Amino acid sequence: LLLCLLPVLFGTTGVAAKPPPPTHSLAPMLERVVPAVVNISTSSTVTVRSNPLLEDPFFRRFFSMPETMPRKRQSVSAGSGVIVDARLGYVLTNQHVIDAADEITVTLRDGRKLDARVIGQDPEVDIALLQIEADNLVDLSIANSDTLRVGDFVVAIGNPFGLGQTVTYGIVSALGRTGLGIEGFENFIQTDASINPGNSGGALVTTDGRLVGINTAIVGPSGGNIGIGFAIPSNMASAIMVQLARHGEVRRGELGVLIQDLTPDIAAAFGLRGTGGAVITRVIPGSAAAQAGLAAGDIVIAVNGRPVRTGSALRNAIGVLAIGDDMLLDVIRNGRKQTIRARIAESERQQVDAGAASEVLAGAVLE
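Attention here is on the structure that accompanies the text. This is a predicted model, so every value here is computed, not measured.

When its secondary structure is counted, the protein shows eight helices and 23 strands. With 367 residues in all, the protein has 42% of them scored as buried. Taking all contacts inside the protein whose residues are at least 6 apart in sequence as the whole, residues at least 24 apart take part in 63%. Of the accessible surface of the protein, which amounts to about 19,500 Å², a share of 53% is contributed by carbon and sulfur atoms.

Moving on, we come to the sheet that holds strand β8 (residues 153–158). Spatially, six strands are ordered β8-β9-β10-β13-β12-β11 in a closed barrel, and the strand pairing comes out antiparallel. Direction aside, neighbouring strands of the sheet carry axes that sit 45° apart on average. Those strands touched by helix α5 (residues 234–247) are β12 (211–218) and β13 (229–233), and its axis lies near 50° from that of β13.

Over its 14 residues, α5 runs 20 Å from end to end, which matches the ideal 20 Å to within 8%, given 1.5 Å per residue. Every buried residue belonging to α5 is among S234, N235, M236, A237, S238, I240, M241, Q243 and L244, and all of these are buried.

Most of β8 sits inside the fold, with five of its six residues counted as buried. As paired strands, β8 and strand β9 (residues 166–177) are joined by six bridges and run antiparallel to one another. Bridge assignment links V155 to a residue of β9, and that residue is Y169. Both β8 and strand β11 (residues 203–206) contribute to a ladder of four bridges, which runs antiparallel. Residue I157 lies in a different strand from β11, and its bridge partner there is A203.

Moving on, we get to the nonpolar core. Residues L92, I127, L140, I157, V205 and L211 are the most contacted members of the largest nonpolar core, which totals 32 residues. In this structure L211 touches V82, V84, L140, S141, I142, A143, A203, L204, V205 and S234, once residues within four positions along its chain are discounted. Grouped together as the second largest cluster of nonpolar side chains are 21 residues, I280, V283, L294 and I318 included.

What follows is about helix α8 (residues 311–319). In terms of residue burial, α8 counts as a mostly covered element, since seven of its nine residues are buried. For α8, the full list of buried residues reads G311, S312, L314, R315, N316, I318 and G319.

Glancing now at the pairing of β13. Where burial is concerned, most of β13 is hidden: five out of the five residues are buried. Judged from the three bridges that link them, strand β10 (residues 188–191) and β13 form a sheet pairing that is antiparallel. Each residue of the ladder has a partner; that of T191, found in β13, is G229. Pairing of β12 with β13, which is carried by five bridges, proceeds in the antiparallel orientation. Looking across to β13, one finds that I214 is bridged to I232.

Definitions and limits used
Position numbers for residues start from 1 in each chain and track the written sequence from start to end. Reporting in this predicted model follows two pLDDT cut-offs: at least 70 for local features of residues, and 80 or more for side-chain atom pairs to be given and counted; totals over whole chains, interfaces and linings ignore these cut-offs and use all residues. Side-chain descriptors were evaluated using all non-hydrogen atoms of the structure, hydrogens and water having been removed beforehand. A run of DSSP states H or I qualifies as a helix once it reaches four residues; a run of E qualifies as a strand once it reaches two. Both are numbered from the N-terminal end. Any residue under 20% of the maximum accessible area for its type is buried, any over 50% is exposed, and the rest in between are partly exposed; the area is computed with a 1.4 Å probe on protein chains only. Pairs of residues are marked as contacts when any of their non-hydrogen atoms sit within 4.5 Å. Each accessible area is a Shrake-Rupley result for a 1.4 Å probe, and residues are judged covered by the shown protein chains and nothing else. Paired strands are those between which DSSP finds at least two bridges. Every axis corresponds to a line fitted to the C-alpha atoms, with the helix fit spanning only the stretch in contact, and the corresponding angles, defined between N-to-C directions, vary from 0 to 180 degrees. Here the expected length of a helix is defined as 1.5 Å per residue gap, with one fewer gap than residues. The set of buried Ala, Val, Leu, Ile, Met, Phe, Trp, Tyr and Cys residues whose side-chain atoms join them within 4.5 Å is what this entry labels a nonpolar core.

What follows is the structure, given as structure tokens:
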């Protein structure tokens, strides 16, 4: 009897037990999210530069060539996009995906092909807003990208190499990446989730399926992925989207300041311990900054409650605001913290001393 009970007691009845179901899977989330990520294909007419020799009528006659040579050809490209409003049919993508396109076609997960029209585009941030008309669309909810931390798990969804929707998995490698020279305004999320050609405009989502970024660029030899990909944070993308939906363009104004990073040496000179912030080195007379009471030597540490750690971060914060928008700047002046309200003014060309700054962008001059 004991021998008969041993297989039961120790699970050796001879029948293979079924493995337990996986407890950690992205499949349930992806089933909800993937239908909101679309393929975007474009066609455009490109002027082809011909060989001057072929323009010679004697050369063409000698070789029996036609009198008129074709000088235009059709160019086709593909990318990705994200449905962010199913009711209005709004699709977010990169501006470079639809740049100079004559026709834009959006292909849904279920195979439907729809003509899209451009609501607006902003090459400075590389965001474009499209609109499609269809029933039963699925959209993604936009999350607060400021809550991301280095090490958070993220999923990149797109259409690389025209293979159809593809999903890759990784972590947030870095936040607030700037100085890459990819866009006019940069505040990238860096991730090791594979972002390949064709992923541009696709979704970077959290493991619970919320949109935190628009996949934009990669760094690697010959454009291949080596685990360094960049996405535009959802907060920046949604701020640009609001202006595109309202005006069809981004109406950037200016604050009217010259700024630089708060370096350890500058912080020591001001008697500060931290090194996070942007130092105002000059206020343009008559500008919005001057009217608000900002002064040279003020150290900006936050804009609208969000920390500012570098001059680039301040420039980005100004760059997503529209003319007439109010902004609250937390500044340190003479060792004391205070909050100053400023209103973004219409941009005007300012005379800047030669050598004082390298470029003027959004009214914030980054020295």
